[in-house]
Amino acid sequence: VQLQAYGGGVVPAGDSLTLSCAASERSFTKYWMAWFRQAPGKEREFVAAISRGGTNTAYRDSVKGRFSVSRDNAQNTVYLQMNSLKPDDTAVYYCAAVASISGVVFTDDWRYVYWGQGTQVTVSS
């Protein structure tokens, strides 16, 4: 499956931004979807994930209550709604996919097989 992430930009602290990730494959529902991010000089880190049907989600602690992951399986798209953005959220954001029937959330990047190209999010202070 090919993934294309978009929606990044430059916003002031406290603002909101919504990222989208469009998948090329029709059998989108077989994939767990996730968002990761990588800031300059730092390792890539897990941000959020959503199960195939959209009923289960998971977030890293620092974004809980501010970010929300969702998906539209009819549109083969996953979203990341980011509110109350902070300068520490500045990073390149990547969407990722793995075909899995497991009910366990994968937070390790090595488990994800397919990756989008990344979209830059910059939060100014």
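Keep in mind that this is a model prediction, so the values were computed, not measured.

**Student:** Looking at this structure, I do not really get the environment of Arg 52. What am I missing?
**Tutor:** Within the secondary structure layout, Arg 52 lies in the loop between strand E5 (45-50) and strand E6 (57-59). C-alpha of Arg 52 to C-alpha of Asp 15: the two residues are 37 residues apart in sequence and 29 Å apart in space. For Arg 52, the contacting residues outside a window of four places in its chain are Thr 29, Lys 30, Tyr 31, Trp 32, Arg 71, Asn 73, Ser 100 and Ile 101.

**Student:** Explanation requested: the side chain of Thr 77 in the structure shown.
**Tutor:** Residue placement: Thr 77 occurs in strand E8 (residues 77-82). Exposure remark for Thr 77: the relative accessible area of 6% places this residue in the buried category. Each residue touching Thr 77, except ones within four places of it in the same chain, is listed here: Ser 20, Cys 21, Ala 22, Phe 28, Ser 70, Arg 71 and Asp 72.

**Student:** How should I be thinking about the side chain of Asn 76 in this particular structure?
**Tutor:** Assignment of secondary structure puts Asn 76 in the loop between strand E7 (67-72) and E8. Residue contacts for Asn 76: discarding those within four places in its chain leaves Cys 21, Ala 22, Ala 23, Glu 25, Arg 26 and Phe 28.

**Student:** Where do I start with the pattern of salt bridges in this structure?
**Tutor:** Oppositely charged side chains are able to pair whenever their charged atoms sit close together. Scanning all chains against the criterion turns up seven salt bridges. Residue Asp 89 pairs with Arg 37 through a salt bridge whose shortest N-O separation is 3.0 Å. Here Asp 89, found in the loop between E8 and strand E9 (91-99), pairs with Arg 37, found in strand E4 (residues 31-38); they are 52 residues apart in sequence, far enough to count as distant. Across the pair Lys 64 and Asp 61 runs a salt bridge, and its minimum N-O distance is 3.1 Å.

**Student:** Mind showing me how you'd approach the state of the cysteines here?
**Tutor:** Put plainly, a disulfide is one covalent bond tying together the sulfur atoms of two cysteines. Counting across every chain of the model gives one disulfide. One disulfide bridge connects Cys 21 with Cys 95, the sulfur atoms lying 2.1 Å from each other. On the sign convention where negative means left-handed, the S-S torsion of about 60 degrees between Cys 21 and Cys 95 marks this disulfide as right-handed. Of this pair, Cys 21 sits in strand E3 (residues 17-23) while Cys 95 sits in strand E9, and the two are 74 residues apart along the sequence.

Basis of the calculations
Residues numbered from 1 in each chain as written. Predicted model: local features only at pLDDT ≥ 70, side-chain atom pairs only at ≥ 80, totals over all residues. Heavy atoms only, no water. Helix = DSSP H or I, 4+ residues; strand = E, 2+ residues; numbered from the N terminus. Contact = heavy atoms within 4.5 Å. Buried < 20%, exposed > 50% of the residue type's maximum accessible area, 1.4 Å probe, protein only. Salt bridge = Lys/Arg side-chain N within 4 Å of Asp/Glu carboxyl O. Disulfide = S-S within 2.5 Å.

Everything listed here is a matter of geometry and, on its own, says nothing about what the molecule does.
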